[in-house]
Amino acid sequence: MKHNDTLLPSTVKNKERRSAILVKLKHQKKVEKRKNAKVREADEKRALELGEELPPKKIPRTIENTREIDDTICKPDDEELFAGNDADEFSSILKQDFTPKILITTSRFNSTRGPAFITDLLSVIPNAHYYKRGTYDLKKIVEYAKNKDFTSLIVVHTNRREPDALLIIGLPDGPTAHFKLSRLVLHKDLKNHGNPTSHEPELVLTNFSTRLGHRVGRMIQSLFPQVPNFRGRRVVTFHNQRDFIFFRHHRYIFETKESKQAESKGKNSKDGKEAKSKEKVIARLQECGPRFTMKLISLQHGTFDTKGGEYEWVHKPEMDTSRRRFFL
């Protein structure tokens, strides 16, 4: 029979023995990791002393850096992509020919947390206006928004309890993006939250690497003014990871702290000088909220049309063939 060191927990039927083997394996792994870290630190220290190059750092193997090869990933020298940027629906806003003007409304059936979420969105997106939905059809609202020179329409879809989807429609020619909304935390529910100012925020978009992701990123970018006011110290982040778009809203805080530094002669010196106090500026982020996660369900050509609309991309369950396959 094999020794416990070589046994795998999955091969042991006894529950207590299995858990004991698992604890032992975890401990061995921890000890080995600590040992390797000490060896790496010693190598780096020796290399610095001898003036040699530091040993290369090992890159951890993750789902992101082992993703399936995708032909649609954008490249820096892709002339076709840049030519498309100049001709797409968002180019006039991103070139600052127009200032973004956003109309926000809801689905016909509102929820308890819907109004609070819309209030938070109005504080995040500059030049955004809320209009009650009433009994109006969405196509009529699109026409109204076009006539009033709105550049985008956001529809917050809610079930009886809370918001569960976002519909973003670019005006006047589309496209229409449908996102599933999850993990919503409102501004008032965040611990130690900050209160944002009305300054135009700095916008950060990360990991929108494919053609589809690039298009979705430009659509999100068209909701915000292209000239951030850094005096307001606001930053809005849309971070794409494994096709989930994480939204965060922060403000920078700069704090001045005094740190006392004793001189080398210090206490033994006859003149009895005290330790010098040095001011140090520390920067940190304070979350303002809201906080939520979006997942793209579909992207449709033109404005909202459920019957005759042509779809650029639709997510289907059979597309999820691998954990390492991503579309954005």
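See the structure printed just above.
Residues numbered from 1 in each chain as written. Predicted model: local features only at pLDDT ≥ 70, side-chain atom pairs only at ≥ 80, totals over all residues. Heavy atoms only, no water.

### Concerning the overall build of the chain
Then step 1. Broken down by element type, the chain carries six helices and eleven strands.
Then step 2. Each of the three principal axes of the chain carries a C-alpha extent, and together these read 80 × 75 × 50 Å.
Then step 3. Per-residue burial for the chain yields a buried fraction of 34% across its 328 residues.
Then step 4. Taking contacts inside the chain between residues at least 6 apart in sequence as the whole, the part at least 24 apart equals 68%.
Then step 5. Here the chain holds 63 positive side-chain charges and 44 negative ones, and the gap between their average locations is 9 Å. (Helix = DSSP H or I, 4+ residues; strand = E, 2+ residues; numbered from the N terminus. Buried < 20%, exposed > 50% of the residue type's maximum accessible area, 1.4 Å probe, protein only. Contact = heavy atoms within 4.5 Å. Lys, Arg positive; Asp, Glu negative; His and termini not counted. Charge placed at Lys NZ, Arg CZ, Asp CG, Glu CD.)

### Remarks on the nonpolar core
A general tendency of soluble globular proteins is for nonpolar side chains to be buried together.
Then step 1. Membership of the largest hydrophobic core comes to 38 residues, with the highest contact counts inside it found for Phe117, Leu166, Phe179, Val216, Phe238, Phe292 and Met294.
Then step 2. Discounting chain neighbours no more than four positions away, the residues touching Phe179 are Ala165, Leu166, Ile168, Val216, Ile245, Met294, Lys295, Leu296 and Ile297.
Then step 3. Counting eleven residues, the second-largest nonpolar core is a separate cluster that includes Leu103, Phe150, Leu153 and Leu167. (Core = buried A, V, L, I, M, F, W, Y, C linked by side-chain atoms within 4.5 Å.)

### Focus on the side chain of Asp120
Then step 1. Residue position: Asp120 is located in helix α4 (residues 114-124).
Then step 2. Comment: no salt bridge for buried Asp120; closest opposite-charge side chain is Arg113, at 8.2 Å.
Then step 3. If we skip the residues at most four places from it in the chain, Asp120 touches Leu186, His187 and Pro290. (Salt bridge = Lys/Arg side-chain N within 4 Å of Asp/Glu carboxyl O.)

### Some points on empty space enclosed by the protein
Then step 1. A complete count under the given rule lists four cavities of 30 Å³ or more for this structure.
Then step 2. Of the voids in this model, the largest cavity is the one considered here, and its volume is about 130 Å³.
Then step 3. As for the largest cavity, its lining consists of 13 residues, and the residues nearest its centre are Leu121, Ile125, Ile154, Leu223 and Phe238.
Then step 4. When contributions to the lining of the largest cavity are tallied by element, the ones reaching two or more residues are α4, β4 (163-170) and β10 (291-300).
Then step 5. Grouping the amino acids of the lining of the largest cavity by side-chain chemistry returns 13 nonpolar, no polar and no charged. (1 Å grid on protein atoms, 1.4 Å probe; cavity = no way out; pocket = protein on both sides within 12 Å on 5 of 7 lines; lining within 4 Å. Points joined across faces, edges and corners; volume = space filled by probe spheres on them. Nonpolar A, V, L, I, M, F, W, Y, C, P; charged D, E, K, R; others polar.)

### Overview of the environment of Arg108
Then step 1. With respect to the element layout, Arg108 can be found in the loop between β1 (102-106) and α4.
Then step 2. With 29 residues separating them in the primary sequence, Arg108 and Asp137 have C-alpha atoms 9.1 Å apart.
Then step 3. Ignoring anything within four residues of it in the chain, the contact list for Arg108 reads Arg133, Gly134, Thr135, Tyr136 and Asp137.

### Some points on the pairing of strand β5 (residues 176-185)
Then step 1. Sheet topology note: the β4/β5 ladder contains five bridges and is antiparallel. Its bridge partner lying in β5, Ile168 is registered against Ala177.
Then step 2. Hairpin connection between β4 and β5: a loop of five residues separates the two successive antiparallel strands, and Gly174 in this loop has a positive phi of roughly 90 degrees.
Then step 3. Relative to β10, β5 is paired through eight bridges, and the arrangement is antiparallel. Of the residues in β10, the one forming a bridge with His178 is Ser298. (Pairing = 2+ DSSP bridges.)

### Describing the packing of aromatic side chains
Then step 1. Scanning the entire structure with this criterion turns up eight aromatic pairs.
Then step 2. Summarising the aromatic geometry, the rings of Tyr131 and Phe150 are spaced 6.0 Å apart at their centres and angled 90 degrees between planes, so their arrangement reads as edge-to-face. Residue Tyr131 is located in the loop between β2 (128-130) and α5 (138-147), and its partner Phe150 is located in the loop between α5 and β3 (152-158); the two are separated by 19 residues in the primary sequence.
Then step 3. By relative accessible area, Phe150 is classed as buried at 4%.
Then step 4. Between Phe224 and Phe238, the aromatic rings sit 6.2 Å apart at their centres with planes inclined by 65 degrees, giving edge-to-face as the arrangement. Of the two residues, Phe224 sits in the loop between α6 (211-221) and β7 (234-241) while Phe238 sits in strand β7, which places them 14 residues apart along the sequence.
Then step 5. Overall, the relative accessible area of 2% leaves Phe224 in the buried class.
Then step 6. We classify Phe238 as buried; its relative accessible area is 5%. (Phe/Tyr/Trp six-rings, centres within 6.5 Å; stacked < 30°, edge-to-face > 60°.)

### Some points on unusual backbone geometry
Then step 1. Residue Pro172 is reached from Leu171 by a cis peptide bond, and omega for that bond is 5 degrees.
Then step 2. Relative to the assigned elements, Pro172 resides in the loop between β4 and β5.
Then step 3. Omega for the peptide link from Gly289 to Pro290 comes to 0 degrees, which places this bond in the cis form.
Then step 4. One can find Pro290 in the loop between β9 (276-287) and β10.
Then step 5. The phi dihedral of Asp149 is positive, around 65 degrees, even though this residue is not glycine.
Then step 6. Along the chain, Asp149 turns up in the loop between α5 and β3.
Then step 7. Overall, the relative accessible area of 59% leaves Asp149 in the exposed class.

### A look at the pattern of salt bridges
Then step 1. In this structure the tally under the stated criterion is twelve salt bridges.
Then step 2. Residues Arg46 and Asp43 are paired through a salt bridge, measuring 2.9 Å at the closest nitrogen-oxygen approach. Highlighted residues: Arg46 and Asp43, both in helix α1 (residues 15-50), separated by three residues, approximately one helical turn.
Then step 3. A salt bridge links Asp305 to Lys139, with the nearest nitrogen and oxygen atoms 3.5 Å apart. In this pair, Asp305 sits in the loop between β10 and β11 (311-314) while Lys139 sits in helix α5, placing the two residues 166 residues apart along the sequence.
Then step 4. Overall, the relative accessible area of 23% leaves Asp305 in the partly exposed class.
Then step 5. In this structure Lys139 comes out as partly exposed when scored by relative accessible area, which is 43%.
Then step 6. Residues participating in the shared-partner salt-bridge network are Glu89, Arg215 and Glu312.

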